[in-house]
Amino acid sequence: MGLQQFERRLERLVEGVFAKAFRGGLQPVELGRRLTREMDAQRTVGIRGTIVPNAFVFALAPADLERFSSFSDALVRELADAARDHARNERYSFVGPVDVRLEADESLTPGMFLVSGSVQEAEGGQSVGSLRLSDGTRVRVTDRPVTIGRMAELDVVLTDESVSRRHAEVRRVGSDIVLVDLGSTNGTKVNGTGIRERRLSDGDEITVGSTTMRFEAS
């Protein structure tokens, strides 16, 4: 399902002004298909599950890289999302944030490309994760807790009056990432269930007021 979603998003990405550029030659969706195969081929069994690459470098012919240049940032984001979706569907784990790069390789001719995937641990070997907001924005969980509420100085600011000024926060606790309700008036939910404190797993949906965001372990 993850790769199918990626293909549909790419179809929308190259609609309109970009459509003519992709009637022939290298198709962006080919990169997504190869990325997931690279993850499958390099999976290894670790202490906390099946570990797969989280850092990917695509080497493209200069002409193809130029064709992609008008939306390369969006393409990189979609490829990273494809990796996250595939990991979630296959129950794979990452040990660091997902990183995708596109580079030119003069030795390649148009239509050819190479991809290398590697397992790159997060700095300090810490657990990694981010909150994906409804607009697609990601807020990384670092050593400092991610704060959620109505106050302007918080990391995730919500204007919903049912949300408390300091409503909840996401913090690292040992090797886990934990969501903590800060004594809010209307509570915090994970996957529809009210919580006071909850260890987060990849794909968990957090509801604060009328806003739902997703935790992604990457």
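Calculation rules
- All residue numbers refer to positions counted from 1 along the written sequence of the respective chain.
- A pLDDT threshold of at least 70 governs which residues receive local features in this predicted model, and a stricter bar of 80 or more applies before side-chain atom pairs are shown or counted, although totals over entire chains, interfaces and linings include all residues.
- For side-chain calculations, the full set of non-hydrogen atoms in the structure is used, while hydrogens and water are omitted.
- Put simply, DSSP H or I for four residues or longer makes a helix, DSSP E for two residues or longer makes a strand, and each gets a number counted from the N terminus.
- Exposure categories follow from relative accessible area, calculated using a 1.4 Å probe and restricted to protein chains: below 20% of the type maximum is buried, above 50% is exposed, and the middle band is partly exposed.
- Two residues qualify as a contact provided that any one of their heavy atoms is within 4.5 Å of a heavy atom in the partner residue.
- To measure how exposed things are, a 1.4 Å probe is used in the Shrake-Rupley method; for residues, cover is taken only from the protein chains shown.
- Any two strands with at least two DSSP bridges between them are considered paired.
- Any Lys or Arg side-chain nitrogen found within 4 Å of a carboxyl oxygen on Asp or Glu counts as a salt bridge.
- The length a helix should cover is 1.5 Å for every residue beyond the first.
- pLDDT runs from 0 to 100 and stands for how confident the predictor is about each residue.
- For this analysis, a ring pair means two rings from Phe, Tyr or Trp (six-membered ring only for Trp) whose centres lie within 6.5 Å, classed as stacked if their planes differ by under 30 degrees, edge-to-face if by over 60, and tilted for the remaining angles.

1. A look at the overall build of the chain
- When helices and strands are tallied, the chain shows 4 helices and 17 strands.
- Expressed as a percentage of the 218 residues in the chain, the buried residues total 41%.
- Contacts spanning at least 24 positions in sequence make up 57% of the contacts within the chain whose residues lie at least 6 apart.
- When the accessible surface of the chain is summed, it comes to about 11400 Å², and 46% of that surface belongs to carbon and sulfur atoms.

2. Comments concerning unusual backbone geometry
- We note that R91 has phi near 60 degrees; this positive angle belongs to a residue other than glycine.
- Mapped onto the elements of the fold, R91 is located in the loop between helix 4 (72–90) and strand 4 (92–93).
- The phi dihedral of N191 is positive, around 55 degrees, even though this residue is not glycine.
- When you line up the elements, N191 lands in the loop between strand 13 (188–190) and strand 14 (193–195).
- Look at N191 and you get partly exposed, because its relative accessible area is 44%.

3. Remarks on the sheet that holds strand 4
- Strand order in the open sheet formed by 3 strands is 1-2-4, with mixed pairing between adjacent strands. In the strand order of this sheet, the two ends are held by strand 1 (44–46) and strand 4, each with one partner.
- In terms of strand pairing, strand 1 meets strand 2 (residues 49–51) through 3 bridges, oriented antiparallel. Paired with T44 across the bridge in strand 2 is I51.

4. Concerning the sheet that holds strand 12 (residues 176–181)
- Across the sheet, 5 strands lie side by side as 10-9-11-12-15; this open sheet has mixed pairing. Each having just a single partner strand, strand 10 (156–157) and strand 15 (197–199) make up the two edges of the open sheet.
- Note that strand 12 and strand 15 share 3 bridges and pair antiparallel. Within strand 15, the residue paired with V180 across the bridge is E197.

5. Quick notes on the pattern of salt bridges
- Taken as a whole, this structure holds 16 salt bridges when the rule is applied.
- Of the charged contacts, one joins E216 and R132 as a salt bridge, the two residues approaching to 3.9 Å between their closest N and O atoms. Here E216, found in strand 17 (residues 211–216), pairs with R132, found in strand 7 (residues 130–132); they are 84 residues apart in sequence, far enough to count as distant.
- With a relative accessible area of 22%, R132 lands in the partly exposed category.
- Residue E216 is joined to R138 by a salt bridge in which the shortest nitrogen-to-oxygen separation is 2.9 Å. With E216 in strand 17 and R138 in strand 8 (residues 138–140), this pair connects stretches of sequence that are 78 residues apart.

6. Overview of helix 2 (residues 28–41)
- Here helix 2 is 14 residues long and its end C-alpha atoms lie 21 Å apart, about the 20 Å a rise of 1.5 Å per residue gives.
- Three or more residues of helix 2 are buried, namely P28, V29, L31, G32, L35, T36, E38 and M39.

7. Brief notes about the confidence of the model for the chain
- Chain-level statistics for the chain give a pLDDT mean of 88 and a share of 87% at 70 or above.
- Low pLDDT, under 50, characterises residues 16–21; the stretch is placed with 4 contacts to residues that sit more than four places away or in other chains.

8. Here's the deal with the side chain of N54
- Of note, N54 is situated in the loop between strand 2 and strand 3 (55–60).
- Note on N54: relative accessible area 2%, which makes it buried.

9. Notes on the packing of aromatic side chains
- Under the criterion given, the structure shown has 2 aromatic pairs.
- Relative to F113, the ring of F58 has its centre 6.3 Å away and its plane inclined at 40 degrees; by these criteria the two rings are tilted. You can see F58 sitting in strand 3 and its partner F113 sitting in strand 6 (residues 113–118), a full 55 residues away along the chain.
- With relative accessibility at 13%, the residue F113 sits in the buried group.
- Measuring from ring centre to ring centre gives 6.2 Å for F68 and F71, while their planes differ by 65 degrees; the resulting arrangement is edge-to-face. For the pair shown, F68 and F71 are each scored as buried.

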